[in-house]
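Chain by chain, the residues run as shown.
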Amino acid sequence: MKGGGDKEVHQMSPNFKKGSLVWGIWPHNSRPSSSYNRSLLFSRLMFSVVLPVCIVFYIMYSLNLVFFSWGLPPCPTSGLDDDMPISRLLSSDNISANSAPEKSRPTSSLKSPDYTPTGLQHIVFGIAASASLWEKRREYIKIWWRPGKMRGYVWLDKPVKEFRYRSTSTGLPALKISGDTSKFPYTHKKGSRSAIRISRIVSETFRLDLPDVRWFVMGDDDTVFIPDNLVRVLSKFDHRQPYYIGSHSESHLQNIYFSYGMAYGGGGFAISRPLAAAIAKMQDGCIKRYPALYGSDDRIQACMAELGVPLTRHPGFHQYDVYGDLLGLLAAHPVAPLVSLHHLDVVQPIFPSMTRAAAVKKLFAGPVRFDSAGVIQQSICYDTTNRWTVSVSWGFAVQIVRGVMSPREMETPTRTFLNWYRRADCTAYAFNTRPVARNPCQKPHVYYLSATRLNITKRAIVTEYKKHKEKHQSCRWKDNNPADMVDQVLVLKKPDPGLWDRAPRKNCCKVLSAPRDGEKGNRVLTIEVSVCREGEMSQI
């Protein structure tokens, strides 16, 4: 190109013919070379040869597909219906049913006719104990253990005298000595090596290979189980799935230090058989990976974390990491079956003026025996004439408070107890609490269980509660004083073993008769506790 005004023009070759497959474009006044002509000729030749060959192969493939597919079996559909909705196709039931191997499928569901409900015969207990505390702690085990009807073992560090007798004659589970744990490292400066021994009770009990076991339940020698309620809880879960069931501590600081995802061993916890089998395979190696942990239950939880199994929390398991009086906790028990009690040697006896073991025996001899499902369940009602608020913790205690207190306030535990960390304040609990009443007029009058009997005529359980003798400061309110009018409380309740087969709900209570101001002779408050009727509620 020369000069600024000249332009190079491209135009179509004069040799171009309409319908040609290749268009030749070249600069003006230029001619195609001989090599270009040869390339063009070769391209046309290849196209004319390849295209017919491709058409022939396509026709042969189609004929083969048509004539040779007849008579072949249909492709497997994996049990899926073409008309099935997308939501059904993506449901977990359909995915598991069509992807799981045949041998891993359960033979029956929890609701199928051939399913046997979980009972005590399907549970094996592993109880951690030490020879140094055995003389005292064994009395707690005797209270709830049922010889000949339950299976389990007490795992000790050293032999005790009961080794010479059969378990049926001692009223205790069979005794065993834990395996040697000296090969496992332990580096926690304030803990005890016994934590390793206790954590392995799950594996050691599983390796006994007992038949027809669905659940392995662990606890301490000072853990008191309510067996029938334990069965009620575990029967709600599929034992063929990996479950780790228990509860955390009442102390928020304890849960922060250890874990909110850990089941505290003193309150007891349950492990389904498949999970116990998995633990038995890997626990020894797992324990070696956590030498700096403090106790046994945090080692169990560490292994659960490696297996990917979370804690299924149930509020009926009670660690009771507290000191003092359990009145505030037991009188406002959660709406859940009472499964266990722990640290009974640390807190005051649940019934005053009794030894700790004798107090627990009293609870089992009456309320637990007649209606374990309803034991220590709270009901709230009002005496409109005397303007009293009444809280019934069935089988344990009745509280009468002057004036009207809302159910929301009454179901909040009163801090009659101290935190596990004594210097901690009221914010260091893992649940809501309320302070003890400072106003002497609002201090509750407590009536503890004194007797339990069965009234055949009324087909009801009659529990009697007597006034607890304690000093009350003078009150200037003009409302009637319960201490001056009521010496005894009678509570009528029909047995209700199916209480927890329904949706969780408190029972309702109703004041049948109450002493009146100036009335002589009648100093008994009579209450009925029953399933709430339609429209019934706790209000004055």
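You'll find the structure just up there.
Since the model is a prediction, treat every value here as computed from it, not as a measurement.

Thresholds applied
- Residues numbered from 1 in each chain as written.
- Predicted model: local features only at pLDDT ≥ 70, side-chain atom pairs only at ≥ 80, totals over all residues.
- Heavy atoms only, no water.
- Helix = DSSP H or I, 4+ residues; strand = E, 2+ residues; numbered from the N terminus.
- Buried < 20%, exposed > 50% of the residue type's maximum accessible area, 1.4 Å probe, protein only.
- Contact = heavy atoms within 4.5 Å.
- Areas by Shrake-Rupley, 256 points an atom, 1.4 Å probe, with all protein chains shown as cover.
- 1 Å grid on protein atoms, 1.4 Å probe; cavity = no way out; pocket = protein on both sides within 12 Å on 5 of 7 lines; lining within 4 Å.
- Points joined across faces, edges and corners; volume = space filled by probe spheres on them.
- Pairing = 2+ DSSP bridges.
- Axes fitted to C-alpha atoms, helices over the stretch in contact; angles between N-to-C directions.
- Polar contact = N/O pair within 3.5 Å; in protein donor to acceptor, adjacent residues only side chain to side chain.
- Parallel < 35°, antiparallel > 145°, perpendicular 65-115°, else oblique.
- Disulfide = S-S within 2.5 Å.
- Salt bridge = Lys/Arg side-chain N within 4 Å of Asp/Glu carboxyl O.

*Asks:* Could you give me a rundown of the overall build of the protein, with the residues and numbers involved?
*Replies:* Helices and strands together make up the secondary structure of the protein, namely 15 helices and 21 strands. Here the protein holds 540 residues, and 45% of them are scored as buried. For the protein, contacts bridging at least 24 residues in sequence account for 66% of all contacts bridging at least 6. Of the roughly 29900 Å² of accessible surface on the protein, 55% is carried by carbon and sulfur atoms.

*Asks:* Give a description of empty space enclosed by the protein that names residues and reports values.
*Replies:* One pass over the structure, following the stated rule, counts one cavity of 30 Å³ or more. Space inside the largest cavity adds up to approximately 50 Å³. As for the largest cavity, its lining consists of H333, P334, V335, Q377, Q378, L499, W500, R505, K506 and N507.

*Asks:* Could you give an account of the sheet that holds strand β18 (residues 460–467), with specific residues and numbers?
*Replies:* The mixed open sheet is built from eight strands, whose spatial order is β13-β14-β15-β17-β18-β19-β21-β20. Looking at which strands have only one partner, the edges of the open sheet turn out to be β13 (378–383) and β20 (508–513). Averaged over all adjacent pairs, the angle separating strand axes in this sheet is 25°, with direction ignored. Seen against the sheet, helix α13 (residues 356–371) touches β17 (445–455), β18 and β19 (488–493) and runs at an angle of roughly 55° to β17.

*Asks:* Before we move on, could you go through the pairing of strand β3 (residues 123–128) and cite the residues and values that matter?
*Replies:* Of all six residues in β3, six are buried, a share of seventy percent or more. Residues I123, F125 and I127 point to one face of β3 and V124, G126 and A128 to the other, with burial holding for every one of them. Note: β3 against strand β6 (residues 215–220), six bridges, orientation parallel. Its bridge partner lying in β6, I127 is registered against G219. Here β3 pairs with strand β4 (residues 151–156) via five bridges, running parallel. Considered in β4, the bridge of V124 is made with R151.

*Asks:* Before we move on, can you summarise the side chain of T414 with the specific residues and values?
*Replies:* Within the secondary structure, T414 sits in the loop between α14 (407–410) and β16 (417–419). Within the structure, T414 has its side chain in polar contact with the side chain of R434 (distance 3.3 Å). The contacts of T414, once residues within four sequence positions are left out, are G328, R434, P435 and V436.

*Asks:* I'd like to hear about the packing of helix α10 (residues 273–288) against helix α11 (residues 297–307), residue by residue, with values.
*Replies:* At a minimum axis separation of 10 Å, α10 and α11 run at an interaxial angle of 110°. It follows that α10 is roughly perpendicular to α11 by the angle criterion. On the side of α10, the interface is formed by L275, A278, I279, M282, Q283, C286 and I287, while α11 contributes R299, I300, A302, C303, M304, E306 and L307.

*Asks:* Run through the sheet that holds β4, naming residues and quoting values.
*Replies:* Sheet strands pair via backbone hydrogen bonds, and the direction of the pair is either parallel or antiparallel. Spatial ordering of the open sheet is given by β5-β4-β3-β6-β9-β8-β10, a layout of seven strands whose pairing is mixed. Because the sheet does not close on itself, it has two edges, and the strands there are β5 (174–177) and β10 (312–313). One ladder, built from four bridges, connects β6 with strand β9 (residues 269–272); its direction is antiparallel. The residue of β9 that forms the bridge with F216 is I271. Helix α8 (residues 227–234) contacts β3, β6, β8 (244–246) and β9 of the sheet and is inclined by roughly 120° relative to β3. This element, α10, spans β6, β8 and β9 of the sheet and lies at about 85° to β9.

*Asks:* I'd like a description of the layout of surface pockets, backed by residues and values.
*Replies:* Roughly 1000 Å³ of volume is contained in the largest pocket. Lining the largest pocket are 42 residues, and of these I198, D220, Y294, S296 and D297 sit closest to its centre. Among the elements of the structure, β3, α6 (194–199), α7 (201–206), β6, α9 (252–257) and α11 are those that each provide at least two residues to the lining of the largest pocket. In terms of residue count, α6 provides more of the lining of the largest pocket than any other element does, five residues in total. Taken as a whole, the second largest pocket spans an internal volume of roughly 570 Å³. The wall of the second largest pocket is formed by 32 residues, among which L327, T414, T416, V436 and P444 lie closest to the centre.

*Asks:* Just give me the short version of the state of the cysteines, but keep the residues and values in it.
*Replies:* Inspection of every chain in the model, using the stated rule, returns four disulfides. Shown here is the disulfide that connects C286 with C303, its sulfur atoms set 2.2 Å apart. Measuring handedness by torsion sign, the sulfur bridge of C286 and C303 sits at about -115° and is left-handed. Taken as a pair, C286 in helix α10 and C303 in helix α11 lie far apart in primary sequence, 17 residues in all. In this structure, C286 and C303 share a single accessibility class: buried. Disulfide partner of C508: C532, at an S-S distance of 1.9 Å. With the S-S dihedral at roughly 100°, the linkage between C508 and C532 falls on the right-handed side. In this pair, C508 sits in strand β20 while C532 sits in the segment after β21 (524–530), placing the two residues 24 residues apart along the sequence. C508 sits in the buried class, given a relative accessible area of 5%. Of note for the protein: the bonded cysteines, numbered N- to C-terminal, pair according to 1-2, 3-7, 4-5, 6-8.

*Asks:* Describe unusual backbone geometry, naming the residues involved and giving the relevant values.
*Replies:* Backbone geometry places S353, a non-glycine residue, at a positive phi of 60°. Counting through the fold element by element, S353 comes out in the loop between β12 (340–341) and α13. For S353, a relative accessible area of 81% puts it in the exposed group.

*Asks:* So what about the pattern of salt bridges? Which residues, and what values?
*Replies:* Applying the stated rule across the entire model yields 22 salt bridges. Across the pair R200 and E204 runs a salt bridge whose closest N-O atoms are separated by 3.8 Å. Here R200 matches E204 in class, with each residue buried. Residues D501 and K236 are paired through a salt bridge, measuring 3.6 Å at the closest nitrogen-oxygen approach. Residue D501 is located in the loop between β19 and β20, and its partner K236 is located in the loop between α8 and β8; the two are separated by 265 residues in the primary sequence. Its relative accessible area of 63% is what places D501 among the exposed residues. Within the structure, one salt-bridge network assembled from shared partners comprises E135, R138, E139, K142 and E162.

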